[in-house]
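Per-entry structural report
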Amino acid sequence: MSKKPNSMILGTGRAVPKRVLTNFDLEKMVDTTDEWIKERTGIERRYIADEKDTTSALCADAGRAALQAAQLPAEKVDAIILGTVTGDVTFPATACYVQEMLGAENAAAFDIAAACTGFLYGLMMADSLIASGKAQHVLVIGGEILTRITDWTDRATCVLFGDAAGAAVVGPSDGKRGIIDTFIKSDGRLTHLLCMPGGGTKVPPDVALAEKMMFLRMEGREVFKYAVTAMGDAAEHILAKNNLTGDDVDLLIPHQANMRIINATAKRVGLPLEKVYINVQDYGNTSAASIPIAMNEALEKGRLKSGDCCLMVAFGGGFTWGSALVQF
Ligand code: ACO
């Protein structure tokens, strides 16, 4: 690697609710089949929150596991950055609830609403805070309870999403390993293609409830087209900027939304599927949680080893998209 990293990932963690919903369970709820869902998305099952679960508690569990893996006491965390579009409440930030749960009393805590790209937006900010000397240790979390904003009568969306949280502790680089580069982008002309239209100040909750605007809405086919292009672009851009090619990448961790988008992204950078981490079959689309969960699993399973170059790529509502290059 040419560039010396400023920050590195010191530990990761993940958390999921207990309940699992399979495609066969969904067959009993809407007009769909296991075969259709698998063929179009690759998803076989997903975790579903129950009434007691909260986004903050899932995020705190993932954060606690990451701190433990990093062997870092919570008091040493300077910032908690939480990517979520399904926070506990509109305000205050869900990151503040997580701060209290972890006892990270010295941290500044805030949320980022970049949908499925939320974790990579957070990683970019953590790296920048550390590079600028404004923070030493940053806890970056991605966590969602998307099933609370899912319309369970809409077969085009309710089969896609799941609930989970993933986290990473980012700290100063040891000079060799670390975050080589990050890239983020958005296109605000396309907000309408993937959103929850109600519940904010534009369409207040009482009106939104009556109009079914408190649910996630997605133009699946349009989102698919943009996701394929943007994820490929983000991957190619960060590799080219760092004078690398797909051959230099040991593991690609794409946002886990749809197997066909994952395949297309791998193909754009010339990577065989053996070099791609895939767990969409077990989680569905968990938005901001998907990349940190995949990273945590990849480390646990030895798919990411010391010295490996990892390329992460995501795309989500906004539209937002981005990539990160990390030397482990
Ligand atoms: N079961 C059976 N049939 C279904 C289902 C279902 N669950 N859902 C839709 N269909 C039907 C449609 O009604 C349609 O029927 P018709 O031809 O009779 O009209 C047919 O299947 C094809 O529908 P399409 O929407 O064209 O199916 P497509 O192949 O595009 O797959 C999907 C749909 C899986 C949603 C795909 O478009 C997709 O993955 N889009 C991208 C989603 C994504 O990646 N989002 C990422 C960001 S998410 C975030 O930021 C939170």
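Throughout this document, residue positions are counted from 1 along each chain, in the order its sequence is written. Per-residue local features of the predicted model are confined to residues with pLDDT of at least 70, and side-chain atom pairs are confined, for both listing and counting, to 80 or more; whole-chain, interface and lining totals are unaffected and use all residues. Side-chain figures throughout are based on the complete set of non-hydrogen atoms in the structure, without hydrogens or water.

We now examine the pairing of strand E7 (residues 163–172). Burial status follows relative accessibility: with a 1.4 Å probe on protein chains alone, a residue under 20% of its type maximum counts as buried, one over 50% as exposed, and anything between as partly exposed. Every helix listed is a DSSP run of H or I at least four residues long, and every strand listed is a run of E at least two residues long, numbered separately from the N terminus. Taken across its ten residues, E7 has nine buried, putting it largely inside the fold. We call two strands paired when DSSP finds no fewer than two bridges between them. The pairing of strand E1 (residues 7–15) with E7 spans eight bridges and is classified as antiparallel. Its bridge partner lying in E7, Thr 12 is registered against Ala 168. Where strand E6 (residues 138–145) and E7 come together, eight bridges link them in antiparallel fashion. Counterpart to Ile 145 in the pairing with E7 is Asp 163.

Reports often express the size of an interface as the amount of accessible area lost when the parts come together. Per the domain assignment, the segments making up the protein are domain 1 (7–175) and domain 2 (180–327). Using C-alpha coordinates to define each centre, domain 1 is positioned 14 Å away from domain 2. In total, domain 1 and domain 2 occlude about 3600 Å² of area from one another, counting both sides; carbon and sulfur atoms represent 64% of this. When residues of domain 1 are sorted by the area they lose upon contact with domain 2, Arg 14, Cys 116 and Leu 120 head the list and together hold 20% of the total. A pair is scored as a salt bridge if a Lys or Arg side-chain nitrogen falls within 4 Å of a carboxyl oxygen belonging to Asp or Glu. For the pair domain 1 and domain 2, the number of links is three salt bridges. N or O atoms closer than or at 3.5 Å make up a polar contact, with two conditions inside protein: a donor-capable atom paired with an acceptor-capable one, and, for residues adjacent in sequence, both atoms drawn from side chains. In this assembly, domain 1 and domain 2 are joined by 21 residue pairs in polar contact (both at pLDDT 80 or more). At the level of elements, E1, helix H2 (34–41), strand E3 (45–48), helix H5 (118–131), E6 and E7 are the ones that each hand at least two residues to the side of domain 1 that touches domain 2. Only Asp, Glu, Lys and Arg are considered charged, only Ala, Val, Leu, Ile, Met, Phe, Trp, Tyr, Cys and Pro nonpolar, and every remaining residue, Gly among them, polar. In terms of residue class, the side of domain 1 that touches domain 2 is made up of 20 nonpolar, 14 polar and nine charged. Start and end points for every domain follow an automatic or database-based domain assignment. Defined here as a combined quantity, buried area equals the accessible surface (1.4 Å probe) lost by two parts on assembly, summed across both.

All right, on to the site of the ligand then. Throughout, the term near means that a residue has one or more heavy atoms lying within 4 Å of the molecule or strand in question. Lining the immediate surroundings of the ligand are 26 residues, of which Thr 32, Arg 40, Cys 116, Arg 221 and Asn 258 lie closest. With respect to the ligand, the backbone of Arg 155 contributes an N or O atom lying 2.9 Å from a nitrogen atom. In this structure, an oxygen atom belonging to the ligand sits 3.1 Å away from a main-chain N or O atom of Gly 317. Surface burial for the ligand is 77%, taken as the share of its 1000 Å² of free accessible area covered by protein chains. Counting residues per element, the shell around the ligand draws most heavily on helix H8 (residues 220–241), at four residues. A per-class count over the shell around the ligand returns 14 nonpolar, seven polar and five charged. Looking at the shell around the ligand, you find at least three residues from each of domain 1 (7–175) and domain 2 (180–327). All accessibility values rest on the Shrake-Rupley procedure with a 1.4 Å probe; residue burial counts only the protein chains present in the view.

Moving on to the packing of aromatic side chains. Whether two aromatic rings pair depends on their centres lying within 6.5 Å, for rings of Phe, Tyr and Trp, where Trp uses its six-membered ring; planes under 30 degrees apart make the pair stacked, over 60 edge-to-face, and the rest tilted. Taken as a whole and judged by the stated rule, the model has four aromatic pairs. When the ring of Tyr 226 is compared with that of Phe 319, the centres are 5.4 Å apart and the planes differ by 55 degrees; the resulting orientation is tilted. Placement of the pair is Tyr 226 in helix H8 and Phe 319 in the loop between strand E12 (309–316) and strand E13 (320–327), with a sequence separation of 93 residues. For Tyr 226, a relative accessible area of 34% gives the class partly exposed. Judged by relative accessible area, Phe 319 falls into the buried class, the value being 1%. With a centroid separation of 4.8 Å and an interplanar angle of 55 degrees, the aromatic rings of Phe 315 and Phe 319 are classed as tilted. Through pairs of rings, three or more aromatic residues link up here, namely Tyr 226, Phe 315, Phe 319 and Trp 321.

Attention now moves to the pattern of salt bridges. Applying the stated rule across the entire model yields 15 salt bridges. With its nearest N and O atoms 3.2 Å apart, the salt bridge here joins Glu 44 to Arg 45. Exposure remark for Arg 45: the relative accessible area of 29% places this residue in the partly exposed category. Close ionic contact of Lys 52 with Asp 50 constitutes a salt bridge, the shortest N to O distance being 3.5 Å. Accessibility expressed as a relative area gives 67% for Lys 52, which makes it exposed. In the salt-bridge network here, residues are joined through shared partners; they are Glu 44, Arg 45 and Asp 282.

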